[in-house]
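# Structural overview
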Amino acid sequence: MPVPIHVAVGANHKSASLDLREQMFVSRDETPAFYEILKGRGFHDALLLSTCDRVEVHATHESPAVATGILRDLLASRTGVSDLGERLYALTDRAAMRQLFAIAASLDSLVVGEPQVLGQLKESHRRAVAADMMGRTLERRLQAVYGAAKRVRNETRIGERPVSIASAAVEVARDVHGDLKRVKGLL
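Thresholds applied
- Residues numbered from 1 in each chain as written.
- Predicted model: local features only at pLDDT ≥ 70, side-chain atom pairs only at ≥ 80, totals over all residues.
- Heavy atoms only, no water.
- Helix = DSSP H or I, 4+ residues; strand = E, 2+ residues; numbered from the N terminus.
- Buried < 20%, exposed > 50% of the residue type's maximum accessible area, 1.4 Å probe, protein only.
- Areas by Shrake-Rupley, 256 points an atom, 1.4 Å probe, with all protein chains shown as cover.
- Phe/Tyr/Trp six-rings, centres within 6.5 Å; stacked < 30°, edge-to-face > 60°.
- Lys NZ or Arg CZ within 6 Å of the ring centre and 35° of its normal.
- Axes fitted to C-alpha atoms, helices over the stretch in contact; angles between N-to-C directions.
- Left-handed = near helix turned anticlockwise from the far one by under 90°.
- Contact = heavy atoms within 4.5 Å.
- Nonpolar A, V, L, I, M, F, W, Y, C, P; charged D, E, K, R; others polar.
- Core = buried A, V, L, I, M, F, W, Y, C linked by side-chain atoms within 4.5 Å.
- Pairing = 2+ DSSP bridges.
- Expected span 1.5 Å × (residues − 1).
- Arc of directions from axis to C-beta.

## Looking at the overall build of the chain
When you go through the chain residue by residue, the secondary structure sums to seven helices and four strands. N-terminal to C-terminal, the α/β element order of the chain is β-α-α-β-β-α-β-α-α-α-α. Burial status across the chain gives 40% buried among its 187 residues. Carbon and sulfur atoms provide 55% of the accessible area of the chain, an area that totals close to 10600 Å².

## Thoughts on the packing of aromatic side chains
One pass over the structure, following the stated rule, counts zero aromatic pairs. The ring of Tyr146 carries Lys122 above its face, with NZ or CZ at 5.3 Å from the centroid.

## Considering unusual backbone geometry
Backbone phi values are negative for most residues with the exception of glycine, while trans is the configuration of most peptide bonds. Of note in the backbone geometry, Ser106 takes a positive phi value of approximately 65° without being a glycine. You will see that Asp132, though not glycine, has its phi angle at about 60°, which is positive.

## Digging into the packing of helix H2 (residues 31–40) against helix H3 (residues 64–77)
Angle between the axes and distance between the axes: these two values describe a pair of packed helices. At a minimum axis separation of 11 Å, H2 and H3 run at an interaxial angle of 145°. You can see that H2 and H3 cross each other, and the crossing is right-handed. Contacts between H2 and H3 pair Phe34, Ile37 and Leu38 from the former with Leu71, Leu74 and Leu75 from the latter. Grouping the amino acids of the contact of H2 with H3 by side-chain chemistry returns six nonpolar, no polar and no charged.

## Considering the nonpolar core
Most often, soluble globular proteins keep nonpolar side chains buried together rather than apart. If you look at the biggest cluster of nonpolar residues, it comprises 41 residues, and the most contacted ones within it are Leu38 and Leu121. With six residues, H3 is the single largest residue contributor to this core.

## A short note on the environment of Ala128
Mapped onto the secondary structure, Ala128 falls in helix H5 (residues 116–130). A residue is classified by how much of its surface remains accessible, and Ala128, at 0% relative accessible area, is buried. Each C-alpha atom, one on Ala128 and one on Leu47, is 5.6 Å from the other, the two residues being 81 residues apart in sequence. Those residues in contact with Ala128 that lie beyond four places of it in its chain are Tyr35, Ala46, Leu47, Met133 and Met134.

## Notes on the sheet that holds strand S1 (residues 5–12)
Overall, antiparallel pairing links the four strands, which are arranged S2-S3-S1-S4 in an open sheet. If you trace the sheet from one side to the other, it starts and ends with strand S2 (46–50) and strand S4 (89–92), each paired once. The mean inter-strand angle of the sheet, taken between neighbouring strand axes irrespective of direction, is 15°. The sheet contact formed by S1 and S4 spans four bridges and is antiparallel. Across the sheet, the residue bridging to Val7 is Thr92, located in S4. Contacts from H2 reach S2 and strand S3 (54–61) within the one sheet, and its direction differs from that of S2 by about 140°. Most of the contacts of H3 go to S1, to which it runs at about 25°, and overall it touches S1, S3 and S4.

## With respect to H5
Between its terminal C-alpha atoms H5 stretches 21 Å, which fits the 21 Å expected from 15 residues at 1.5 Å a residue. When H5 is considered as a whole, its buried residues turn out to be Val117, Leu121, Ser124, His125 and Ala128. On an axial view of H5, the arc spanned by its buried residues comes to 105°, and they lie on one face. Against H2, S2, helix H4 (93–104) and helix H6 (136–155) lie the buried residues of H5. Just downstream of H5 lies Asp132, where phi reads positive at about 60°.

In short, geometric facts, not functional conclusions.
As structure tokens, this is what we get:
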């Protein structure tokens with residue numbers, strides 16, 4: 001019996017425009033139906049991560065090529081574009097696992113160090129469990145990812161820099177204009 005391989009297919013802030021990511025976005029209310037589609041296509045172990053920065057599906061499957069094709073088609077169908085080409089990335093095995101580590105550690109974020117991404121990953125994990133889509137393989141991997149993310153946060157200086165677009169904008173404004181104590185702003 002073939003061993004299931006971890007695959008990840010998705011689009012993020014590096015690979016696709018905000019407009020395209022918004023078209024692929026799967027809302028909280030749509031998530032159960034999305035998981036039912038995955039079940040209908042033969043997936044038993046999957047995690048959907050759908051945020052403003054990315055729409056990404058991690059799953060296990062005996063045939064990475066088949067799984068990648070199904071997931072690419074499923075995400076493309078949400079946009080009305082039949083072939084998204086390189087705007088969708090497909091990763092397998094170790095590369096897919098590295099992607100999960102990078103997401104959880106906030107290394108693959110629009111603003112590196114952004115703390116919200118780990119919470120988004122954990123919420124996606126809870127939804128996958130609720131949909132009965134979290135198998136042993138992805139569960140074990142996610143537990144390892146959470147441990148590594150905690151170490152990154154505690155043992156590095158990743159959170160010392162601005163960790164949101166707004167705080168990064170304030171830092172740039174301060175660098176350009178100096179003291180901002182008497183300045184009012186609207187974001």
